[in-house]
Amino acid sequence: MKTMSQIDFLQLATELNNRINMKIERLDNLKSLASRTSQVMSDMPHSPNRGNSSLENVYVKIIDLQEEINSDVDSLVDIQEDIAFAIQKIPNYSARDVFTKRYLSFMSWTEIAEALQNTGAAYVWVVTDEKKEKILSNRVVDITHFLDVDAEELGITEKVYYF
């Protein structure tokens, strides 16, 4: 049996979260379909060989999908607990912050880069199973991330450069 790499394990949560989001979207579509489906009520006998109503079938699919989502959410919570425990063992605070943003908050690398940009860090090392890369900052920050001011009102129209 093949063992899972650390990166594969971390990506499990992201993949499961994406799968849950797709199922929730499908669930919303089914609920919308159910609200548009009408049931014809009649006291006339119908054939015993006739299948269930389409509305009943939609409700059964909704219930089944809700159960799948609940099961996936339970699995995601378990995986996230394991990931959080592993992240807390990382000695570098900045690295813990990056891993938390990526694998527990499901931020994209672009969102993480934007968040890091305003921390004042000159660079960040990103290490994967395959390589280690240094990501450089352009060393400018948005003053409104540090001060509760209206930058335009103060005449500040550019980001602030730091040393």
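Details of the structure are given in the entry above.
The rules behind each value
Numbering of residues starts from 1 in every chain and runs along the sequence as written. Thresholds applied to this predicted model are a pLDDT of at least 70 for local features of residues and 80 or more for the giving and counting of side-chain atom pairs; totals over whole chains, interfaces and linings are not thresholded and use all residues. Here the side-chain values reflect all heavy atoms present in the structure, with hydrogen atoms and water set aside. Put simply, the grid is 1 Å and covers the protein atoms alone, a cavity is a trapped set of points that fit a 1.4 Å probe, a pocket is an open set with protein on both sides within 12 Å along at least five of seven lines, and lining residues have an atom within 4 Å of a point. Grid points are joined across faces, edges and corners, and a volume is the space filled by probe spheres set on the points. Numbered from the N terminus, helices here are DSSP runs of H or I no shorter than four residues, and strands are runs of E no shorter than two. Amino acids outside the nonpolar list (Ala, Val, Leu, Ile, Met, Phe, Trp, Tyr, Cys, Pro) and the charged list (Asp, Glu, Lys, Arg) are all regarded as polar, and Gly is one of them. Residues belong to one nonpolar core when they are buried, are Ala, Val, Leu, Ile, Met, Phe, Trp, Tyr or Cys, and are joined through side-chain atoms within 4.5 Å. Partly exposed residues are those whose accessible area sits between 20% and 50% of the maximum for their type, while under 20% is buried and over 50% is exposed, using a 1.4 Å probe and protein chains only. Throughout, a residue-residue contact means that at least one pair of heavy atoms, one from each residue, lies within 4.5 Å. Helix axes are fitted to C-alpha atoms over the stretch in contact, other axes to C-alpha atoms as well, and angles between N-to-C directions run from 0 to 180 degrees. Should an angle fall under 35 degrees it is taken as roughly parallel, and over 145 as roughly antiparallel, whereas 65 to 115 is taken as roughly perpendicular and any remaining angle as oblique. To count toward a patch, a residue needs a relative accessible area above 30% and no salt bridge. Like charges then connect within 9 Å, nonpolar side chains (Val, Leu, Ile, Met, Phe, Trp, Tyr) within 5 Å. Only the protein chains shown count as covering a residue, and every accessible area follows the Shrake-Rupley method with a 1.4 Å probe. When a carboxyl oxygen of Asp or Glu is within 4 Å of a side-chain nitrogen of Lys or Arg, the pair counts as a salt bridge. Relevant arc is that of directions from the helix axis to the C-beta atoms, nothing else.

A. Examining the layout of surface pockets more closely. As a volume, the largest pocket reaches approximately 410 Å³. Along the wall of the largest pocket there are 22 residues; nearest its centre are Ser 94, Ala 95, Val 98, Val 124 and Trp 125. Elements supplying a minimum of two residues to the lining of the largest pocket: helix H3 (93-103), helix H4 (109-117) and strand E1 (123-127). Its residues placed into classes, the lining of the largest pocket shows 15 nonpolar, 4 polar and 3 charged. Looking at the second largest pocket, its volume works out to about 340 Å³. Taken together, 19 residues line the second largest pocket, and the ones lying closest to its centre are Trp 109, Ala 113, Leu 116, Val 126 and Ile 135. Elements represented by at least two residues in the lining of the second largest pocket include exactly helix H1 (6-36), H3, H4, E1 and strand E2 (132-136). Top element by residues in the lining of the second largest pocket is H4. It accounts for 5 residues. Split into classes, the residues belonging to the lining of the second largest pocket amount to 14 nonpolar, 4 polar and 1 charged.

B. Spatial organisation of the nonpolar core. Ranked by internal contacts, the top residues of the largest apolar core, which has 18 residues, are Ile 62 and Ile 83. Residue assignment for this core shows that the elements contributing at least two residues are H1 and helix H2 (54-88). The biggest single contributor to this core is H2, with 9 residues. Beyond its immediate chain neighbours, meaning those up to four positions away, Ile 62 contacts Leu 27, Leu 30, Lys 31 and Ala 34.

C. Main features of the packing of H1 against H3. Where H1 contacts H3, the two axes come as close as 9 Å, and the packing angle between them is 45°. Relative to H3, the element H1 is oriented oblique. On H3, the residues that touch Ile 7, Leu 10, Gln 11, Ala 13 and Thr 14 of H1 are Phe 99, Arg 102 and Tyr 103. When grouped by side-chain class, the residues that make up the contact of H1 with H3 number 5 nonpolar, 2 polar and 1 charged.

D. Here's a closer look at unusual backbone geometry. Despite not being glycine, Phe 106 has its phi angle at roughly 60°, a positive value. Inspection of the secondary structure puts Phe 106 in the loop between H3 and H4. Accessibility expressed as a relative area gives 25% for Phe 106, which makes it partly exposed.

E. Examining a nonpolar patch on the surface more closely. Judged by side-chain polarity, Tyr 123, Trp 125, Val 127 and Leu 136 come together as a nonpolar surface patch covering roughly 450 Å² of accessible area. Ranked by residue count, the leading element in the nonpolar patch is E1, at 3 residues. With respect to the secondary-structure elements, Val 127 resides in strand E1.

F. Local environment of H4. Buried within H4 we find Ile 112, Leu 116 and Gln 117. Viewed end-on, H4 has its buried residues packed into an arc of 140°, placing them on one side of the element. In H4, the exposed positions angled more than 90 degrees off the buried face are occupied by Thr 110 and Glu 114. The inward-facing, buried residues of H4 contact H3, E1 and strand E3 (140-141).

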